[in-house]
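Examining the three-dimensional arrangement
One-letter residues, chain by chain:
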Amino acid sequence: MRTATIERNTAETQIKLWIDLDGTGQYEVCTGCGFLDHMLNLFARHGRFDLRAECRGDTQVDYHHTVEDMGIALGRAFAAALGDMRGITRYGSMILPMDEVLMICAVDLSGRSALGYQVQLPSARVGDFDTELAKEFWLGFVRSCPCSLHFQQMAGENTHHILEACFKGMGRALAQAVRIDEAHKNEVPSTKGVLVE
């Protein structure tokens, strides 16, 4: 079973998170930030990951710590569930249309952290959510599950749709990348022989 449980406690957030990479897309998420809950629900459903997550954060300040720390916790959970990454496909990509949006999402579970975030957000806020925090979420993820994530926006005008396309598309791209390649299930997909240092 490729599952992981993460507990992360700081002065700013207390997080409990569980994930099953081979799930059916079931989710139970409560972070105190409604928009982030919505994005994580979409991510889990489209990636077919089972996800349970709870966060108690200093939302009286703003959502920054909650969003960033959820990215860190989710990244740690992926890293723990993947182990030595033996047998994974490693790469995944998705061109996702979301109404007027066209978003390219791609991932390499390389063991090296990089984020390409070519996303243009017309609005600074969606409801009470600061839209710049979406990038902080993905930065937290790649620093905790060393990988290369790339988002390339090809079209889009509605900020909610743009961010939704990012989370749906990356869920689907990661689902491809973590999938076991049955023909090579005992191999680490790297000429180095390792993806985890």
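Scope of this entry: the structure provided in the associated data block. Computed from a predicted structure; not experimentally measured.

1. Remarks on the overall build of the protein chain
In terms of helices and strands, the protein chain carries four helices and ten strands. Along the protein chain, helices (α) and strands (β) appear in the sequence β-β-β-α-β-α-β-β-β-β-β-α-β-α when read from the amino end. Relative to the 2.2 N^0.38 estimate, which gives 16 Å for 197 residues, the radius of gyration of the protein chain is 16 Å and therefore close to what a compact globule would have. Projecting the C-alpha coordinates of the protein chain onto the three principal axes gives extents of approximately 45 × 40 × 30 Å. Once local pairs closer than 6 in sequence are excluded, the contacts in the protein chain between residues at least 24 apart make up 76%. Across the protein chain, the mean location of the 19 positive side-chain charges is 6 Å away from that of the 26 negative side-chain charges.

2. Focus on the packing of helix 3 (residues 133-144) against helix 4 (residues 159-178)
In contact at an axis separation of 11 Å, helix 3 and helix 4 are set at 20° when each is read in the N-to-C sense. Classified by the interaxial angle, the pair formed by helix 3 and helix 4 is roughly parallel. Once helix 3 is placed against helix 4, the crossing between them reads as right-handed. In contact with Ala134, Phe137, Trp138 and Phe141 of helix 3, helix 4 contributes Leu163, Cys166, Phe167, Met170 and Leu174. Considering only residue class, the contact of helix 3 with helix 4 consists of nine nonpolar, no polar and no charged.

3. Section: the side chain of histidine 161
Tracing the backbone through its elements, the reader meets histidine 161 in helix 4. Polar side-chain contacts of histidine 161 include one of 3.3 Å to the side chain of aspartate 99.

4. Here's the deal with the sheet that holds strand 1 (residues 3-9)
Strand order in the open sheet made by the four strands is 1-2-4-3, with mixed pairing throughout. Every interior strand has two partners, whereas the edge strands, strand 1 and strand 3 (27-30), have only one. Adjacent strand axes in the sheet meet at a mean angle of 5° when their direction is disregarded. Here strand 2 (residues 13-20) runs beside strand 4 (residues 50-57); their pairing, made up of eight bridges, is antiparallel. Considered in strand 4, the bridge of tryptophan 18 is made with arginine 52. Along the sheet, helix 1 (residues 34-47) makes contact with strand 3 and strand 4, crossing strand 3 at roughly 160°. In the packing of helix 2 (residues 64-82) onto the sheet, the strands contacted are strand 1, strand 2 and strand 4, and the crossing angle to strand 2 comes to about 35°.

5. As for empty space enclosed by the protein
On inspection of all chains with the given rule, the structure shows one cavity of 30 Å³ or more. As a volume, the largest cavity reaches approximately 40 Å³. Looking at the largest cavity, the residues that line it are Phe35, Leu36, Met39, Val67, Phe129, Ala134, Phe137 and Phe167. Of all the elements in the fold, those that place two or more residues in the lining of the largest cavity are helix 1 and helix 3. The dominant element in the lining of the largest cavity, judged by the number of residues it contributes, is helix 1, at three residues. Per-class residue counts for the lining of the largest cavity are eight nonpolar, no polar and no charged.

6. Structural notes on the layout of surface pockets
Taken as a whole, the largest pocket spans an internal volume of roughly 180 Å³. Looking at the largest pocket, it is lined by 13 residues, and the ones nearest its centre are Leu21, Gly47, Arg48, Ala175 and Arg179. Considering each element in turn, the lining of the largest pocket owes the most residues, four residues, to helix 4. A per-class count over the lining of the largest pocket returns four nonpolar, four polar and five charged.

7. Looking at the pattern of salt bridges
Following the criterion strictly, the structure yields seven salt bridges and no others. Two residues, arginine 86 and aspartate 84, come together in a salt bridge whose shortest N-O distance is 3.2 Å. Given the relative accessible area of 38%, aspartate 84 is considered partly exposed. Between arginine 125 and aspartate 130 there is a salt bridge; the shortest N-O distance is 2.5 Å.

Cut-offs and rules
- Residues numbered from 1 in each chain as written.
- Predicted model: local features only at pLDDT ≥ 70, side-chain atom pairs only at ≥ 80, totals over all residues.
- Heavy atoms only, no water.
- Helix = DSSP H or I, 4+ residues; strand = E, 2+ residues; numbered from the N terminus.
- Rg over C-alpha atoms; globule rule 2.2 N^0.38 Å.
- Contact = heavy atoms within 4.5 Å.
- Lys, Arg positive; Asp, Glu negative; His and termini not counted.
- Charge placed at Lys NZ, Arg CZ, Asp CG, Glu CD.
- Axes fitted to C-alpha atoms, helices over the stretch in contact; angles between N-to-C directions.
- Parallel < 35°, antiparallel > 145°, perpendicular 65-115°, else oblique.
- Left-handed = near helix turned anticlockwise from the far one by under 90°.
- Nonpolar A, V, L, I, M, F, W, Y, C, P; charged D, E, K, R; others polar.
- Polar contact = N/O pair within 3.5 Å; in protein donor to acceptor, adjacent residues only side chain to side chain.
- Pairing = 2+ DSSP bridges.
- 1 Å grid on protein atoms, 1.4 Å probe; cavity = no way out; pocket = protein on both sides within 12 Å on 5 of 7 lines; lining within 4 Å.
- Points joined across faces, edges and corners; volume = space filled by probe spheres on them.
- Salt bridge = Lys/Arg side-chain N within 4 Å of Asp/Glu carboxyl O.
- Buried < 20%, exposed > 50% of the residue type's maximum accessible area, 1.4 Å probe, protein only.

The quantities given are spatial measurements derived from coordinates; they are silent on function.
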